[in-house]
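Chain by chain, the residues run as shown.
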Amino acid sequence: MKLSPEELLLRWANYHLEEAGCTKINNFSSDIKDSKAYYNLLNQVAPKGDEEGVPPIAIDISGLRVRHSHVAGSHIVGRRTV
């Protein structure tokens, strides 16, 4: 069975989402609009700091509630909002 790169990545992502006890995704467009799947995926695969010499990487989702205009970069000096 030969999978396309997107299908392979989707299987990998769903494997890790399932391991994290999260909802699987069907695509990389509408199913990930709110970034929760990305958060859960990163939280699952990021180093926890269990191994010696490997620091933990904390995943912070506090920015998910920021208004779209801030996320889009309008807060960067010199840029105007349209």
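See the structure shown above.
Just so it is clear, the model here is predicted, and its values are computed rather than measured.

So what about the overall build of the chain? Which residues, and what values?
For the chain, the helix and strand inventory stands at 3 helices and 0 strands. Each of the 82 residues in the chain was classed as buried or not, and the buried ones make up 15%. A fraction of 22% describes how many contacts in the chain between residues 6 or more apart in sequence connect residues 24 or more apart. Accessible area for the chain stands at about 7,000 Å²; split by element, carbon and sulfur atoms hold 53% of it.

Just give me the short version of helix 1 (residues 5-19), but keep the residues and values in it.
Along its 15 residues, helix 1 runs 21 Å from first to last C-alpha, staying within 8% of the 21 Å computed at 1.5 Å per residue. For helix 1, the elements touching its buried residues are helix 2 (36-45).

Just give me the short version of the environment of Leu17, but keep the residues and values in it.
Mapped onto the fold, Leu17 is located in helix 1. Note on Leu17: relative accessible area 1%, which makes it buried. When residues no more than four places from it in sequence are discounted, the contact partners of Leu17 are Cys22, Thr23, Lys24, Ile25, Ala37, Asn40 and Leu41.

Please give an account of the packing of helix 1 against helix 2 that cites residues and values.
As a packed pair, helix 1 and helix 2 sit with axes 9 Å apart at the nearest point and diverge in direction by 75°. By the angle between their directions, the pair helix 1 and helix 2 is classed as roughly perpendicular. Listed contacts from helix 2 to Trp12, Ala13, His16, Leu17 and Glu19 of helix 1 are Ala37, Asn40, Leu41, Gln44 and Val45. Its residues assigned to classes, the contact of helix 1 with helix 2 comprises 6 nonpolar, 3 polar and 1 charged.

Which residues make up the nonpolar core, and what are the values?
Counting 7 residues, the largest nonpolar core is built from Leu10, Ala13, Leu17, Ile25, Ile32, Ala37 and Leu41. Only helix 1 and helix 2 provide two or more residues apiece to this core. Once residues within four sequence positions are removed from consideration, Ala37 is found in contact with Leu17, Ile25, Asp31 and Ile32.

For the environment of Asn27, give the residues involved together with the corresponding values.
If you trace the backbone, Asn27 turns up in the loop between helix 1 and helix 2. For the pair Asn27 and Glu7, spaced 20 residues apart in sequence, the C-alpha to C-alpha distance is 8.9 Å. Excluding residues within four positions of it along the chain, Asn27 makes contact with Leu10 and Ile32. A distance of 3.1 Å separates a polar side-chain atom of Asn27 from the backbone nitrogen of Ser30.

Cut-offs applied
Residues numbered from 1 in each chain as written. Predicted model: local features only at pLDDT ≥ 70, side-chain atom pairs only at ≥ 80, totals over all residues. Heavy atoms only, no water. Helix = DSSP H or I, 4+ residues; strand = E, 2+ residues; numbered from the N terminus. Buried < 20%, exposed > 50% of the residue type's maximum accessible area, 1.4 Å probe, protein only. Contact = heavy atoms within 4.5 Å. Areas by Shrake-Rupley, 256 points an atom, 1.4 Å probe, with all protein chains shown as cover. Expected span 1.5 Å × (residues − 1). Axes fitted to C-alpha atoms, helices over the stretch in contact; angles between N-to-C directions. Parallel < 35°, antiparallel > 145°, perpendicular 65-115°, else oblique. Nonpolar A, V, L, I, M, F, W, Y, C, P; charged D, E, K, R; others polar. Core = buried A, V, L, I, M, F, W, Y, C linked by side-chain atoms within 4.5 Å. Polar contact = N/O pair within 3.5 Å; in protein donor to acceptor, adjacent residues only side chain to side chain.

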